[in-house]
Amino acid sequence: MNGAIGWARGSGEFAEERGLRRGEWYKVLEDQGAGWLVLDVNDVHVRITRDYLVVRRSQPKTWSVVRLTPAQGADETHRMYLVCPGCHTRQHLTGRPKESECPKCRKTYPVDWSDRA
Ligand SMILES: [Zn+2]
């Protein structure tokens, strides 16, 4: 049992089917070996393989940048949104600020515009 291996974010449709929302980082609770991790997804323990995850060691400190395709039904202003690394709140922005304050947890995090969640 290693409870401090890091943080993970879903990638791909399989991750979404397991309840992981795009751009949200979840704490890794356990590494079960053979590529299987257990994540804390909003207090639900979800077992998922690394193949569908982006894993990092340190707690994320920048906004996730999620870009939707027109096929996903988003109009121009809602085609891109940020996800707070602290509380998972989504935020739509106009322009490209270097940092932004979360409307919910009130913390300010930098925005990494090269990110593609
Ligand atoms: Zn927040």
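Computed from a predicted structure; not experimentally measured.

### A look at the overall build of the protein
Helix and strand counts for the protein come out as 1 helix and 10 strands. Counting from the amino terminus, helix and strand elements in the protein follow one another as β-α-β-β-β-β-β-β-β-β-β. At 15 Å, the protein has a C-alpha radius of gyration in line with the 13 Å of a compact globule built from 117 residues. Each principal axis of the C-alpha distribution contributes one length, and for the protein these read about 45 × 30 × 25 Å. Sequence separation of 24 or more characterises 41% of the internal contacts of the protein that already satisfy a separation of 6 or more.

### Quick look at the sheet that holds strand 7 (residues 80–83)
Pairing within the open sheet is antiparallel, and its 3 strands lie in the order 6-7-8. Single-partner strands in this sheet number two, and they are strand 6 (64–67) and strand 8 (90–91). Bridge analysis of strand 6 against strand 7 gives 4 bridges, and the strand direction is antiparallel. Within strand 7, the position partnered with Ser64 by the bridge is Val83.

### Side note on the nonpolar core
Grouped together as the largest cluster of nonpolar side chains are 11 residues: Ala8, Ala15, Leu20, Trp25, Tyr26, Val28, Leu37, Leu39, Val41, Ile48 and Leu53. For this core, the secondary structure elements donating two or more residues are strand 2 (25–33) and strand 3 (36–41). The contact partners of Leu39, leaving out residues within four places of it in the chain, are Ala8, Tyr26, Lys27, Val28, Leu29, Val46 and Ile48. Core analysis: the second largest hydrophobic core is formed by 6 residues, Trp63, Leu82, Cys84 and Cys102 among them.

### Structural notes on the sheet that holds strand 1 (residues 7–10)
Strand order across the open sheet formed by 5 strands is 4-3-2-1-5, with antiparallel pairing between neighbours. Each edge of the open sheet is held by one strand with a lone partner, namely strand 4 (44–49) and strand 5 (53–56). Taking the axes of each pair of neighbouring strands and ignoring which way they run, one obtains an average angle of 40 degrees across the sheet. Of the pairings in the sheet, the one linking strand 3 to strand 4 comprises 6 bridges and is antiparallel in character. Counterpart to Val38 in the pairing with strand 4 is Arg47.

### With respect to the environment of Arg50
Within the secondary structure, Arg50 sits in the loop between strand 4 and strand 5. Residues Arg50 and Ser11, 39 residues apart in the sequence, show an inter-C-alpha distance of 9.8 Å. Dropping the residues within four chain positions of it, Arg50 is found in contact with Gly35, Leu37 and Val55.

Criteria and cut-off values
Residues numbered from 1 in each chain as written. Predicted model: local features only at pLDDT ≥ 70, side-chain atom pairs only at ≥ 80, totals over all residues. Helix = DSSP H or I, 4+ residues; strand = E, 2+ residues; numbered from the N terminus. Rg over C-alpha atoms; globule rule 2.2 N^0.38 Å. Contact = placed C-beta atoms within 7 Å. Pairing = 2+ DSSP bridges. Core = buried A, V, L, I, M, F, W, Y, C linked by C-beta atoms within 7 Å. Buried ≥ 20, exposed ≤ 12 C-beta atoms within 10 Å, placed from the backbone. Axes fitted to C-alpha atoms, helices over the stretch in contact; angles between N-to-C directions.

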